[in-house]
Amino acid sequence: MPKKKLGILLSGRGSNFEAIADNAEKEVLDAEIAIVISNVADARGLEVARRRNLNACFVDPRGKSREEYDREVVALLTKSKVDLICLAGYMRILSPYFIQQFPSRILNIHPALLPAFKGLDAQKQALEYGVKVTGCTVHFVDEGVDSGPIVLQATVPVEEGDTEELLARRILREEHRLYSKAIALVLEGLCEVEGRSVHIHSSSVNAD
Ligand code: GRF
């Protein structure tokens, strides 16, 4: 069986992308990264992708409408025949056009237990709110912000004296583990989306 192909979209550091790439390389994750796309020319993640000899593309957003931009990105993803798209720190909202091209085939990771603390600075929001437990969420992408059906979540306790950096670091460790697990479930066809719920047809996979 040919390996399933992933398309990664990122805008920055790319540590989630690296974790996915490591797992694919070690064959812990039965998939290959077909293309890495960024809207930021000097994103660290893009640089890492080039060093790994992956197909790494910068798509310049300047002077383009959201949909014009997304049409270019979709064309690249389609040409690379991706089975699943993983947003990994991608700082753009996808157009309805983009989302309609890949129904239930776009995942995102968010550093909080959705629906709490959507949007930017989720770890800071969690600290400011005073929650005792936060975590991370992998979800399908729909037309809202951080609002699609949830595939997996993992919890991270907030510790006394936590700073945003310390908390973010502990959440990130969980993100790196959780994202590949969710990708595997989706690629194996074990996730069934029914309204807001994602039913997982497997007894062997859980978030912890
Ligand atoms: C992660 O915290 C992810 O949850 C959020 O953006 C951050 C990206 O980090 N969506 P990295 O670029 O994967 O290191």
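Every residue gets a number counted from 1 within its own chain, in the order that chain's sequence is written. Predicted model: local features are reported for residues with pLDDT of at least 70 only, side-chain atom pairs are reported and counted for 80 or more only, and whole-chain, interface and lining totals are derived from all residues. Computation of side-chain values: all heavy atoms of the structure, hydrogens and water removed.

1. A word on the overall build of the protein chain
- Helical segments are the DSSP runs of H or I of at least four residues, strand segments are the runs of E of at least two, and each set is numbered from the N terminus. Regarding its fold elements, the protein chain presents 6 helices and 9 strands.
- Here the C-alpha radius of gyration of the protein chain, 16 Å, is about what a compact globule of 208 residues would show, namely 17 Å.
- Projected onto its principal axes, the C-alpha coordinates of the protein chain cover approximately 50 × 40 × 35 Å.
- Within the span of the protein chain, comprising 208 residues, buried residues form 48% of the whole.
- We call two residues in contact whenever any of their non-hydrogen atoms come within 4.5 Å of each other. Summarising the internal contacts of the protein chain: among those between residues at least 6 apart in sequence, 64% fall at separations of at least 24.
- Accessible surface for the protein chain amounts to roughly 10500 Å². Of this, 50% is attributable to carbon and sulfur atoms. As defined in this context, the radius of gyration uses C-alpha atoms, and a globule is described by 2.2 Å times the residue total to the power 0.38. Only protein chains enter the calculation, and the probe is 1.4 Å; a residue is then buried if its accessible area is under 20% of its type maximum, exposed if over 50%, and partly exposed in between. Values of accessible area rely on a 1.4 Å probe in the Shrake-Rupley scheme; residue burial ignores everything except the protein chains shown.

2. Remarks on the layout of surface pockets
- Think of a 1 Å grid over just the protein atoms. A cavity is a set of points where a 1.4 Å probe fits yet cannot get out, a pocket is an open set with protein on both sides within 12 Å along at least five of seven lines, and lining residues have an atom within 4 Å of a point. Grid points are joined across faces, edges and corners, and a volume is the space filled by probe spheres set on the points. In this model, the largest pocket occupies a volume close to 980 Å³.
- Forming the boundary of the largest pocket are 41 residues, of which Gly89, Tyr90, Met91, Ile109 and Pro111 lie nearest the centre.
- Broken down by secondary-structure element, the contributors of at least two residues to the lining of the largest pocket are helix 1 (15–25), strand 5 (106–110), helix 5 (122–129), strand 6 (133–140) and helix 6 (164–187).
- Partitioning the lining of the largest pocket into residue classes produces 17 nonpolar, 14 polar and 10 charged.
- As a volume, the second largest pocket reaches approximately 160 Å³.
- What lines the second largest pocket is Met1, Pro2, Lys3, Lys4, Leu29, Asp30, Ala184, Leu187 and Glu188.
- Residues belonging to the lining of the second largest pocket are distributed by class as follows: 5 nonpolar, no polar and 4 charged.
- Boundary definitions for the domains trace back to an automatic or database domain assignment. Counting contributing residues per domain, the lining of the second largest pocket is built from domain 1 (1–102) and domain 2 (108–208), each supplying no fewer than three. All residues other than Ala, Val, Leu, Ile, Met, Phe, Trp, Tyr, Cys, Pro, Asp, Glu, Lys and Arg, Gly among them, are scored as polar; the first ten of these are nonpolar and the last four charged.

3. Some points on the domain arrangement of the protein chain
- Taken domain by domain, the protein chain holds domain 1 (1–102) and domain 2 (108–208).
- Computed over C-alpha atoms only, the centres of domain 1 and domain 2 are separated by 20 Å.
- The term buried area denotes the loss of accessible surface (1.4 Å probe radius) that occurs when two parts are joined, taken as the sum for both partners. Summed over both partners, the interface of domain 1 with domain 2 buries about 1500 Å², with 68% contributed by carbon and sulfur atoms.
- In what follows, salt bridge is the name for a side-chain nitrogen of Lys or Arg lying within 4 Å of a carboxyl oxygen of Asp or Glu. Between the two partners, domain 1 and domain 2, sit 0 salt bridges.
- For the side of domain 1 that touches domain 2, the element with the most residues is helix 1, which contributes 5 residues.
- Here the side of domain 1 that touches domain 2 is built from residues that sort into 14 nonpolar, 4 polar and 4 charged.

4. Things to note about unusual backbone geometry
- Between Leu114 and Pro115 the backbone carries a cis peptide bond, its omega angle lying at 15°.
- When you line up the elements, Pro115 lands in the loop between strand 5 and helix 5.
- Despite not being glycine, Glu27 has its phi angle at roughly 60°, a positive value.
- For Glu27, the location among the structural elements is in the loop between helix 1 and strand 2 (31–38).

5. Things to note about the pattern of salt bridges
- Summed over the entire model, instances satisfying the criterion amount to 13 salt bridges.
- Note that Arg62 is salt-bridged to Asp60, the shortest N-O span being 2.7 Å.
- In this structure Asp60 comes out as partly exposed when scored by relative accessible area, which is 21%.
- The salt bridge partner of Glu174 is Arg177, with a shortest N-O separation of 2.5 Å. Placement of both Glu174 and Arg177 in helix 6 is noted, with a separation of 3 residues, approximately one turn of the helix.
- On the basis of relative accessible area, Arg177 is assigned to the partly exposed category, the value being 30%.

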